[in-house]
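Structural description and commentary
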Amino acid sequence: MSEKTEIRSVLATDCGSTTTKAILIEKRGEEYRLIVRGEAPTTVEAPFEDVTRGVLNAVMEVEELSGRKLLDGERIITPQRGEDGVDLYLSTSSAGGGLQMMVFGVVKSMTGESAERAALGAGAIVMDIIASNDGRLPHEKVKRIRDLRPDMILLSGGIDGGTTTHVVELAELIAAADPKARLGAGYLLPIIYAGNKNAREIIEERLGSKTALVITDNIRPVLERENLGPARQAVHDLFMEHVMAHAPGYKKLMTWTPVPIMPTPAAVGSIIQTIAHNEKINVIGVDIGGATTDVFSDYGGTFNRTVSANLGMSYSISNVLAEAGIANVMRWVAFGADEVDIRNRIKNKMIRPTTIPQTLEELELEQAISREALRLAFEQHKHLAVGLKGVQQERTISDTFEQSVSGETIINLMALDLLVGSGGVLSHAPRRVQSASMMVDAFLPEGLTHLAVDSIFMMPQLGVLATRHEKAATEVFEKDCLIPLGAVVAPVGPCKEGQRAVEIRGKTSKGQAIQGAVDFGQMAIVPLAAGETAEVEIVPGRGLDVGAGKGRTRAAEIRGGVVGVILDGRGRRPFGLPEDPKRRVERLREWAAALDLYPKAGAKSPVPAAARS
Amino acid sequence: MAHAYTPGLRVTDHAVIRRTRRLPLPGTVLVETGKTLTAETPVARTELPGNVQTVNVASLLGVHQSDIADCMIKKEGDPVEAGEVIASTKSFFGLFRAKCTSPTKGSIESISAITGQVLLREPPIPVEVEAYVDGTVVEVLPREGVVMETSGAFVQGIFGIGGETAGVLHRLAESPKDPLTEAAIGPECKGKVVFGGSQVTGKALEKAVKMGARGVIVGGIDDQDLRAFLGYDLGVAITGSEEKGVTLVITEGFGRMAMARRTFDLLCSHEGRKCSINGATQIRAGVMRPEVVIPILGERVAAPASAVSEGLKIGSPVRGIREPYFGRLGTVSGLPPELQLLETEAKVRVLAVRFDGTEEDAILPRANVEMIEG
């Protein structure tokens with residue numbers, strides 16, 4: 001585009017479910033750099049119910065911090081006039097607590113389950129699965145549809161050419177409910193029909209005039225096969241066209257920017273793909289937000305994205321506890337706390353989602369929960385990232401009784417080159433080593449893996465900027481966004497207490513010697529600053545593998561970062577924390593000390609001692 | 001400056017409250033604009049299609065699916081009585097060999113030659129929507145329902161379970177700090193909405209159900225007790241459809257939390273009055289909080305203030321909503337503009353709060369207070 005070269009300044013916002021973040025980019029000399037960042041609570045909810053209020057508040061903070069006038073009343077000044085305003089304004093959004101859907105299927109364990117998978121894979125929270133055989137009376141189903149007010153409905157049922165009666169009956173229930181959309185009362189609720197193709201005409205007749213009906217391929221064309229892709233695509237399209245367009249204030253926001261508002265996950269995905277493509281490496285990215293956790297992977301050019309719509313650090317925090325179980329959360333907590341207290345704290349965060357940890361204990365607890373949210377989201381990703389088959393999985397009738405997803409994952413942790421973290425709990429961790437530790441504990445990378453974090457959580461804004469001005473996006477991304485943390489070296493295989501797990505030795509790009517080693521169960525950091533590299537030999541312990549085969553030394557180049565090189569001798573396959581609670585806490589403290597994870601007790605704090613619990 | 005604070009929950013003695021009452025399906029509106037009604041008055045009625053039952057006729061008769069049409073005695077649309085024969089097979093000699101009866105009264109909805117099943121539709125189910133609050137009908141939504149208006153006291157809770165109900169307010173705790181115990185709940189609670197101070201236990205909730213209390217309003221509850229009471233762990237806060245026999249409204253949060261003095265005093269001042277409560281909570285966009293409506297009919301109150309408050313100022317009353325100050329009340333004593341370092345080493349915008357009963361200002365992240373709004 002011709003104006004690309006003329007753009008002198010860019011303002012970009014990301015309206016998250018909890019916080020709206022704004023960044024200001026300016027052209028300084030020949031390069032684009034991040035100038036400042038501001039944020040404010042997202043204002044989709046009452047009493048404001050207008051996303052632009054949060055955007056304006058975030059922009060006002062940018063104005064304050066940069067000393068640059070950006071607003072004329074309640075309008076962003078574009079194009080730049082003298083030193084005021086910006087040449088380009090862009091925005092992404094995931095506000096509104098994610099996408100909330102109801103799914104319908106004839107048989108709960110068959111088409112109902114397929115519809116659920118399709119919706120989950122498309123990034124939705126499944127509020128309820130309504131099926132012909134779910135035991136509820138029709139009027140109860142009708143009431144449920146009305147009460148829940150989903151953003152969208154996915155209706156499936158029947159194999160192609162099979163009976164149409166049941167799926168039509170479900171359509172009649174929906175028609176009878178005449179459901180109103182959650183956001184914006186005056187528009188038709190989007191409904192995707194992905195059932196028996198023989199029923200399309202009659203479904204059109206029942207729902208066509210009352211809803212925004214979209215018909216797509218059957219998610220279960222035959223009993224033994226699922227075809228979720230077309231339904232998922234339809235969910236994404238409708239989300240932008242209908243749901244987001246009707247979220248409070250979005251219509252106004254859309255008029256402020258010449259570029260379509262991009263969903264946050266799509267923007268982050270585009271940046272992850274750019275890294276993988278430019279560097280020719282395998283990348284996993286994770287973006288952990290308040291309501292959802294998105295995992296992206298690019299392996300050998302195959303891109304996959306999953307959205308765990310019910311794993312997040314504020315709205316969905318309680319669901320992390322419900323899914324992971326209290327024991328899995330508590331295993332990362334190195335202080336004594338009783339279950340009742342922990343449960344209450346997590347629920348209180350759920351009902352007051354915008355609060356932040358003030359004490360060290362609260363921070364440790366929140367980071368413990370994030371480890372489990374990341375772990376579960378990654379598990380879901382591994383199950384869904386099964387290659388480009390177009391069909392997610394083949395299931396036989398006997399498989400329908402199993403919840404597990406078949407198909408081989410393409411995620412091979414030993415072949416992973418770079419793990420990138422983003423989202424509040426990772427980007428805003430007071431110490432960068434905390435972000436590294438959370439990612440290592442949750443993803444358990446193997447062999448040699450480089451780690452990076454989105455410095456101030458601006459991957460979404462840069463993702464949308466890349467669609468309009470790739471140079472500016474790439475420059476800011478490389479210089480201001482991605483913070484290289486360093487790398488983690490983790491041998492794989494069974495190991496015994498006291499046995500050497502791994503050793504590295506070599507020379508840095510500055511010609512200095514670099515060396516470090518850990519025994520089984522230990523962790524250590526070998527300093528290697530950002531901007532430096534080291535040519536090293538990675539020597540695994542007996543029977544262990546670091547990527548060159550069991551017991552074989554691997555030669556590699558390691559790039560440094562603000563954390564350095566983490567040597568992780570805790571073992572992989574199996575990885576486990578000590579069962580004995582006392583021993584476990586000891587180990588957690590040893591690792592925290594080895595990584596210098598948290599400030600030492602007694603550090604100066606504005607919180608009076610009397611107020612500590 | 002960015003308004004980095006959480007808007008508070010409303011607790012007021014003077015409010016005008018409007019609630020839309022809609023049928024799940026179009027039907028008949030039973031009342032007129034201007035009518036004064038009690039909460040229990042039906043305002044609209046409709047008939048929902050009856051439940052659908054399936055009868056696997058092909059399997060019961062031992063015939064192929066495609067042959068069931070020949071076996072049907074009743075046709076689509078025919079009414080049937082419970083126990084009435086709907087299909088049968090015949091022997092060569094004209095004698096009945098097998099027959100299939102209707103499990104319910106209703107009508108034949110459909111006959112499928114593909115599945116071999118017959119769908120029976122039970123008689124329509126009458127459904128009514130009630131007024132929910134004592135008040136006046138201010139608008140009729142033709143065939144859909146009405147808008148009710150009432151004036152009086154209004155309390156928003158932070159979290160709840162269970163749907164709409166109404167009853168007389170009955171106090172069960174001496175002070176906002178006292179827990180609502182099992183022992184305090186007796187037969188006199190039947191049909192009432194009971195309120196207590198700091199915490200309700202799972203056992204106390206079960207006793208409230210047993211004694212027939214309609215609702216419980218309390219400062220806090222342990223999540224463990226809630227989980228035991230519900231029978232499952234609540235993942236995402238979307239509630240209101242629980243049918244546990246009682247509606248619960250939590251005003252402060254999880255754990256033992258003294259009910260805000262203002263809320264407690266307001267409820268006390270209306271003890272003996274009828275109130276309507278709803279536990280439905282949805283903490284996402286279009287946020288929905290549980291509520292207590294205490295109509296004071298015949299008394300004119302000022303129109304509701306603008307819903308958008310002006311933000312935090314020195315002297316604004318606030319409530320701490322995160323440890324280590326969770327649940328504590330005080331007033332804003334300082335709003336320093338610069339970022340400050342917390343114990344966690346995070347640098348954030350803070351504010352100073354003088355908590356009730358203290359002589360010293362406490363420093364909190366601005367995100368960790370909630371305005372107390374009237």
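Some details on the nonpolar core
If you look at the biggest cluster of nonpolar residues, it comprises 90 residues, and the most contacted ones within it are Ile284 and Leu426 of chain A together with Phe159, Val200, Val216 and Leu248 of chain B. Considering each element in turn, this core owes the most residues, 10 residues, to helix α12 (residues 360-384) of chain A. Beyond its immediate sequence surroundings of up to four residues, valine 200 of chain B is in contact with Leu180, Leu205, Val216, Val218, Gly220, Ile221, Asp225 and Leu248 of chain B. Grouped together as the second largest cluster of nonpolar side chains are 34 residues, Met262, Met458, Val464 and Leu482 of chain A included.

Examining the packing of helix α4 (residues 165-177) of chain A against helix α5 (residues 200-207) of chain A
Residues and elements named next belong to chain A. One way to put it is that α4 packs onto α5 with a least axis distance of 9 Å and a crossing angle of 10°. As far as their axial angle goes, α5 and α4 are roughly parallel. On the side of α4, the interface is formed by Val167, Val168, Ala171, Glu172, Ile174 and Ala175, while α5 contributes Ile202, Ile203, Arg206 and Leu207. By residue class, the composition of the contact of α4 with α5 is 8 nonpolar, no polar and 2 charged.

Things to note about the environment of leucine 141 of chain B
Structurally, leucine 141 of chain B is set in strand β12 (residues 135-141). Setting aside chain neighbours within four positions, we find leucine 141 of chain B in contact with Thr20, Arg22, Val29, Val146 and Val147 of chain B.

Overview of the environment of asparagine 227 of chain A
Residue and element names in this part refer to chain A. In this structure, asparagine 227 sits in the loop between β11 (212-215) and α6 (229-246). Judged by its relative accessible area of 15%, asparagine 227 falls in the buried class. Distance from asparagine 227 to alanine 118, taken between C-alpha atoms, is 8.7 Å for residues 109 residues apart in sequence.

Considering the sheet that holds strand β22 (residues 533-540) of chain A
Two strands in a sheet stick together by hydrogen bonds in their backbones, pointing the same way (parallel) or opposite ways (antiparallel). Residue and element names in this part refer to chain A. Taken together, the 4 strands give an open sheet; going across it, the order is β20-β19-β22-β23, and neighbouring strands pair in antiparallel fashion. Looking along the sheet, the strands with just one partner apiece sit at the ends: β20 (513-519) and β23 (554-559). Within the sheet, the average angular offset between the axes of one strand and its neighbour, ignoring direction, is 25°. In the sheet, strand β19 (residues 500-508) pairs with β20 via 7 bridges, with the strands oriented antiparallel. By the bridge assignment, glycine 506 is partnered in β20 with isoleucine 514.

Notes on helix α16 (residues 470-481) of chain A
Residue and element names in this part refer to chain A. A rise of 1.5 Å per residue sets the reference length of α16, with its 12 residues, at 16 Å; its end C-alpha atoms lie only 14 Å apart and thus fall more than 12% short of the reference. Along α16, the residues that are buried comprise Ala472, Ala473, Glu475, Val476, Phe477, Asp480 and Cys481. Against the buried residues of α16 lie β2 (19-28), β3 (31-41), α8 (264-279), β17 (447-454), α15 (459-466) and β18 (482-490).

Some details on the confidence of the model for chain B
Residue and element names in this part refer to chain B. Of all residues in chain B, 90% attain a pLDDT of 70 or more, and the chain-wide mean is 86. The least confident element of chain B, judged by mean pLDDT, is strand β5 (residues 52-55) at 74; the most confident is strand β16 (residues 192-195) at 96. Counting contacts from residues 1-5, a segment whose pLDDT is below 50, to residues more than four positions away or on other chains yields 23 contacts. Confidence drops under pLDDT 50 across residues 303-308; counting only partners more than four residues distant or on other chains, this segment forms 5 contacts.

Parameters and conventions
Residues numbered from 1 in each chain as written. Chains lettered and ligands numbered in written order. Predicted model: local features only at pLDDT ≥ 70, side-chain atom pairs only at ≥ 80, totals over all residues. Heavy atoms only, no water. Core = buried A, V, L, I, M, F, W, Y, C linked by side-chain atoms within 4.5 Å. Buried < 20%, exposed > 50% of the residue type's maximum accessible area, 1.4 Å probe, protein only. Helix = DSSP H or I, 4+ residues; strand = E, 2+ residues; numbered from the N terminus. Contact = heavy atoms within 4.5 Å. Axes fitted to C-alpha atoms, helices over the stretch in contact; angles between N-to-C directions. Parallel < 35°, antiparallel > 145°, perpendicular 65-115°, else oblique. Nonpolar A, V, L, I, M, F, W, Y, C, P; charged D, E, K, R; others polar. Pairing = 2+ DSSP bridges. Expected span 1.5 Å × (residues − 1). pLDDT = per-residue confidence, 0-100.

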